[in-house]
Amino acid sequence: MDREIKILAIESSCDETAAAVVVNGRDVRSNIISTQIPLHTLYGGVVPEIASRKHVERINQVIEEALKEAGETLEQMDAIAVTYGPGLVGPLLVGVAEAKAIAFAKDLPLIGVHHIEGHISANYIENKELKPPFLCLVVSGGHTHLVRVTDYGKYEILGRTVDDAAGEAFDKVARAIGLGYPGGPKVEKAALEGDAYAIDLPKAKVGDSAYDFSFSGLKSAVLNYINGAQMKGEEINANDIAASFQRVVVEVLTEHAMLAVDEFGCNAFAIAGGVASNGALREAMKKACEKKGVPFYHPSPILCTDNAAMIGAAGYYEFVAGRRDGWDLNAVPNLRLGDR
Ligand code: KG4
Ligand code: ZN
């Protein structure tokens with residue numbers, strides 16, 4: 001497109017209230033994130049009712065800040081993009097209702113964005129040369145997907161988790177070793193002080209497809225190890241558990257990813273989602289991709305976890321493809337990738 005397409009993007013699917021102004025899908029003019037993590041830490045996880053209420057309290061201010069930081073007004077926007085699924089229904093509804101109200105009041109096009117499409121599109125922001133087709137491993141708190149991005153907005157799912165998501169496993173193991181919520185960054189930090197080979201843990205069992213993942217067996221093995229040690233009156237070393245667990249998760253993710261590279265070939269490999277900010281995963285994926293001569297991409301940590309800039313990036317490609325939503329756009333908590 002010759003002219004600048006400015007999109008105001010809104011994200012509220014879980015525990016971050018976020019708004020961003022993104023120009024032509026890759027140029028982030030503002031990216032405001034109001035996190036609720038300290039609030040939910042008290043309860044050891046996200047409490048949906050509290051999350052919904054906080055989104056309502058914060059969303060207007062977050063949007064105002066995003067416009068102000070970008071030096072823009074609503075009148076200068078070309079479209080409003082909003083996450084409409086998957087996620088928690090109450091939190092999603094807050095963003096969707098807000099986006100609809102703004103779009104209606106300002107007579108702007110409304111574009112519902114798939115949250116995972118957002119995570120994948122986060123890679124476009126800092127990697128201007130990245131273009132489909134490429135392979136992407138999406139690893140977040142709710143999702144673990146190995147995806148072929150065949151074109152902008154077009155996805156073919158090769159494999160997914162059959163039980164826990166990778167981030168969920170990090171969160172559960174963190175809780176078991178007393179690190180608290182959110183677990184991923186805490187396990188990563190503890191792992192730096194631990195021995196990754198101290199504890200013998202099974203590789204996660206694969207489901208029906210060679211590209212499916214399963215993390216619940218690994219999580220149970222960690223819990224059994226802890227129980228066994230406690231019954232024998234032995235001290236557990238949280239750092240060793242964190243390091244051993246992280247090593248196995250990283251090995252499984254990397255091995256599956258490389259299997260897909262071998263079978264399908266690819267111009268590039270990208271990772272996305274909260275777990276993509278994990279240093280050990282990035283390092284392992286980078287090495288594995290280098291060995292195969294495949295360029296490897298990942299977003300900065302702030303663009304890996306939930307944010308609205310990624311929704312603005314995905315929303316732009318939906319916009320240029322001509323996709324628009326009506327006033328009947330609703331929150332879809334279990335929306336599947338490719339359902340649109
Ligand atoms: O993408 P995200 O912000 O939200 C979802 O869409 O789910 O991902 C959050 C997940 C949490 O499970 C969190 O523990 C995990 O990403 N995570 C990490 C790291 N940072 C966040 N997992 C491993 N290492 C990290 N550094
Ligand atoms: Zn997410």
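Quick caveat: nothing in here was measured; it's all calculated off a predicted structure.

The rules behind each value
Position labels on residues start from 1 in each chain and follow its written sequence. In the order they appear in the text, chains get letters beginning with A and ligands get numbers beginning with 1. Local features in this predicted model are restricted to residues of pLDDT 70 or higher, and side-chain atom pairs are both shown and tallied only at a pLDDT of 80 or more, whereas totals for entire chains, interfaces and linings draw on every residue. Side-chain measures here rest on the full set of heavy atoms in the structure, leaving out hydrogens and waters. Every helix listed is a DSSP run of H or I at least four residues long, and every strand listed is a run of E at least two residues long, numbered separately from the N terminus. For a compact globule the rule gives 2.2 Å times the number of residues to the power 0.38, and the radius of gyration it is set against comes from C-alpha atoms. For each residue, the accessible area found with a 1.4 Å probe, counting protein chains only, is set against the maximum for its type, and the residue is called buried under 20%, exposed over 50%, and partly exposed in between. Contacts are assigned to residue pairs with any non-hydrogen atoms lying within 4.5 Å of each other. Each domain's extent is set by a domain assignment, obtained either automatically or from a database. In short, buried area is how much 1.4 Å probe accessible area vanishes from two parts on joining, totalled over both. A carboxyl oxygen of Asp or Glu within 4 Å of a side-chain nitrogen of Lys or Arg is what we treat as a salt bridge. For this analysis, a polar contact is any N or O atom pair within 3.5 Å, provided that within protein one partner can donate a hydrogen and the other can accept it, and provided that sequence-adjacent residues contribute only side-chain to side-chain pairs. Note on residue classes: Ala, Val, Leu, Ile, Met, Phe, Trp, Tyr, Cys and Pro are nonpolar, Asp, Glu, Lys and Arg are charged, and everything else, Gly too, is polar. Paired strands, as defined in this entry, are two strands with at least two bridges between them according to DSSP. Axes here mean lines fitted to C-alpha atoms, for a helix over just the part in contact, with angles spanning 0 to 180 degrees between N-to-C directions. To estimate how far a helix should extend, the number of its residues minus one is multiplied by 1.5 Å. The method works on a 1 Å grid over the protein atoms by themselves. A cavity is a set of points holding a 1.4 Å probe that cannot get out, a pocket is an open set with protein on both sides within 12 Å along at least five of seven lines, and residues with an atom within 4 Å of a point line them. Grid points are joined across faces, edges and corners, and a volume is the space filled by probe spheres set on the points.

With that settled, consider the overall build of the chain. Looking only at helices and strands, one finds eleven helices and ten strands in the chain. A compact globule built from 340 residues would reach a C-alpha radius of gyration of about 20 Å, and the chain, at 20 Å, matches this within 12%. Put simply, the chain has 340 residues, and 53% of those count as buried. For the chain, contacts bridging at least 24 residues in sequence account for 73% of all contacts bridging at least 6.

For the rest of this paragraph, the subject is the domain arrangement of the chain. Here the chain is described as being made up of domain 1 (6-122 + 303-320) and domain 2 (132-299). Facing 19 residues of domain 1, the contacting portion of domain 2 comprises 20 residues. Here domain 1 packs against domain 2, burying approximately 1500 Å² in sum over the two surfaces, 73% of which is carbon and sulfur. Inspection of the domain 1/domain 2 interface yields zero salt bridges. Counting every contact that joins domain 1 to domain 2 gives five residue pairs in polar contact (both at pLDDT 80 or more). For the side of domain 1 that touches domain 2, the secondary-structure elements that each account for two or more residues are helix H1 (37-41), helix H4 (115-126) and helix H10 (301-304). With six residues, the top contributor of residues to the side of domain 1 that touches domain 2 is H4. Residues belonging to the side of domain 1 that touches domain 2 are distributed by class as follows: nine nonpolar, seven polar and three charged.

Strand order in the open sheet formed by five strands is E8-E7-E6-E9-E10, and the pairing between neighbours is mixed. A strand with exactly one partner marks an edge of an open sheet, and here the two such strands are strand E8 (154-160) and strand E10 (296-297). Pairing of strand E6 (residues 134-139) with strand E7 (residues 144-151) involves six bridges; the strand directions are antiparallel. Bridge pairing in E7 links Val-138 to His-145. Its contacts with the sheet place H4 against E6, E7, E8, strand E9 (269-272) and E10, and it is angled at close to 125 degrees to E6. Docked against the sheet, helix H8 (residues 238-264) engages E6, E7, E8 and E9, running at close to 30 degrees with respect to E7.

The first and last C-alpha atoms of helix H3 (residues 89-106) sit 26 Å apart over 18 residues, in line with the 26 Å expected at 1.5 Å per residue. Taken as a whole, H3 has its buried residues at Pro-91, Leu-92, Val-94, Gly-95, Val-96, Glu-98, Ala-99, Ile-102 and Ala-103. Check the buried side of H3 and you find it contacts strand E1 (6-11), helix H2 (48-70), strand E4 (79-85) and strand E5 (110-114). Phi turns positive, to about 55 degrees, at Asp-107, one or two residues after H3.

With that settled, consider the sheet that holds E1. If you trace the five strands from one edge of the open sheet to the other, you get E3-E2-E1-E4-E5, paired in mixed fashion. What marks the edges here is a single partner per strand, and that holds for strand E3 (27-35) and E5. Each adjacent strand pair in this sheet contributes to an overall mean axis angle of 20 degrees, direction not counted. Inspection of the sheet shows E1 paired to E4 by four bridges, in the parallel sense. Of the residues in E4, the one forming a bridge with Ile-10 is Val-82. Its contacts with the sheet place H2 against E1, strand E2 (16-23) and E3, and it is angled at close to 25 degrees to E2. On the sheet, H4 packs against E1, E3, E4 and E5 and is oriented at approximately 90 degrees with respect to E5.

Here the focus is the layout of surface pockets. When its volume is computed, the largest pocket comes out at roughly 1100 Å³. Cys-14, Ser-140, Gly-141, Gly-142 and Asp-171 are the residues nearest the centre of the largest pocket, which is lined by 39 residues in total. A total of six residues in the lining of the largest pocket trace back to one element, the largest contributor, which is helix H5 (residues 166-176). In the lining of the largest pocket, the residues fall into 16 nonpolar, 15 polar and eight charged. Two domains share the lining of the largest pocket, each providing at least three of its residues, namely domain 1 (6-122 + 303-320) and domain 2 (132-299). A volume near 170 Å³ is recorded for the second largest pocket. Taken together, Pro-86, His-114, Ile-116, Gly-142, His-143, Thr-144, His-145, Arg-160, Thr-161, Leu-335, Arg-336 and Leu-337 make up the full set of residues lining the second largest pocket. Both domain 1 (6-122 + 303-320) and domain 2 (132-299) contribute no fewer than three residues apiece to the lining of the second largest pocket.

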